[in-house]
Amino acid sequence: MSFSTRTGRKVRTAVEYTHLTSPWSTGDDGGYAWMVGGRFYDADTGEEIGDFARNLVFPGHGAEPYAAHLNVGVHPSVQGEGIVGEFNAHALAWYRELGIKSVQVDASGTLHQS
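This report concerns the structure included in the present document. Model, not experiment: these values are computed from the prediction.

Criteria and thresholds
Residues numbered from 1 in each chain as written. Predicted model: local features only at pLDDT ≥ 70, side-chain atom pairs only at ≥ 80, totals over all residues. Heavy atoms only, no water. Helix = DSSP H or I, 4+ residues; strand = E, 2+ residues; numbered from the N terminus. Buried < 20%, exposed > 50% of the residue type's maximum accessible area, 1.4 Å probe, protein only. Contact = heavy atoms within 4.5 Å. Areas by Shrake-Rupley, 256 points an atom, 1.4 Å probe, with all protein chains shown as cover. Salt bridge = Lys/Arg side-chain N within 4 Å of Asp/Glu carboxyl O. 1 Å grid on protein atoms, 1.4 Å probe; cavity = no way out; pocket = protein on both sides within 12 Å on 5 of 7 lines; lining within 4 Å. Points joined across faces, edges and corners; volume = space filled by probe spheres on them. Pairing = 2+ DSSP bridges.

1. Here we look at the overall build of the protein
A count of helices and strands for the protein gives one helix and seven strands. Taken from the N to the C terminus, the helices and strands of the protein come in the order β-β-β-β-β-α-β-β. Residues classed as buried in the protein amount to 39% of the 114 residues present. If you take every contact in the protein between residues at least 6 apart in sequence, the share linking residues at least 24 apart comes to 56%. Of the roughly 6400 Å² of accessible surface on the protein, 51% is carried by carbon and sulfur atoms.

Written as structure tokens, this is what we have:
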């Protein structure tokens, strides 16, 4: 995925790993989780400027799927440019396509400097 921030910086994301777990760690309920993580790069220079990790959780037995944001961070030199906000907007659109209607965020550990 590529996007531009409100300051005009072009950002490219690279998914560097996915990991499917089955069954989900809460027990043998028929559910699974898909961990997705990667990095943000300045599209013009190729410089790494941040990273992210999320779990997409499909609990099974008719329970609502949800996304769990594990972490997201950008380098201090690019903070405030809207990278995380723009990335999350794209992620939310993707979640809707997957039938995910809620996002779980742990405010104490979600944001960090990369």
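2. Describing the pattern of salt bridges
The final tally for this structure, using the stated rule, is four salt bridges. Asp42 is paired through a salt bridge with Arg9; the nearest N and O atoms lie 2.5 Å apart. Of this pair, Asp42 sits in strand β3 (residues 32–42) while Arg9 sits in the loop between β1 (2–4) and β2 (10–21); the two residues are 33 residues apart in sequence, bridging distant segments of the chain. A relative accessible area of 7% places Asp42 in the buried class. A relative accessible area of 23% means that Arg9 is categorised as partly exposed. Within the structure, one salt-bridge network assembled from shared partners comprises Arg9, Asp42 and Glu81.

3. Brief notes about the environment of Ser2
Relative to the helices and strands, Ser2 resides in strand β1. A residue is classified by how much of its surface remains accessible, and Ser2, at 53% relative accessible area, is exposed. Through-space distance from the C-alpha of Ser2 to that of Phe87 is 8.9 Å; in sequence the pair is 85 residues apart. Residue contacts for Ser2: discarding those within four places in its chain leaves Val11 and Arg12.

4. Re the layout of surface pockets
Approximately 170 Å³ is the volume attributed to the largest pocket. Taken together, Met1, Thr13, Val15, Val36, Phe52, Arg54, Leu56, Phe87, His90, Ala91, Trp94 and Tyr95 make up the full set of residues lining the largest pocket. Of all elements in the fold, only β2, β4 (48–58) and α1 (83–98) reach the threshold of two or more residues within the lining of the largest pocket. Broken down by element, the lining of the largest pocket gets its largest block of residues, five residues, from α1.

5. What about the pairing of β3?
Bridge count for β3 against β4 is 10 bridges, and the pairing is antiparallel. Bridge assignment links Gly38 to a residue of β4, and that residue is Phe52. Hairpin connection, β3 to β4: the antiparallel pair is bridged by five residues, and Gly46 has positive phi, about 80°.

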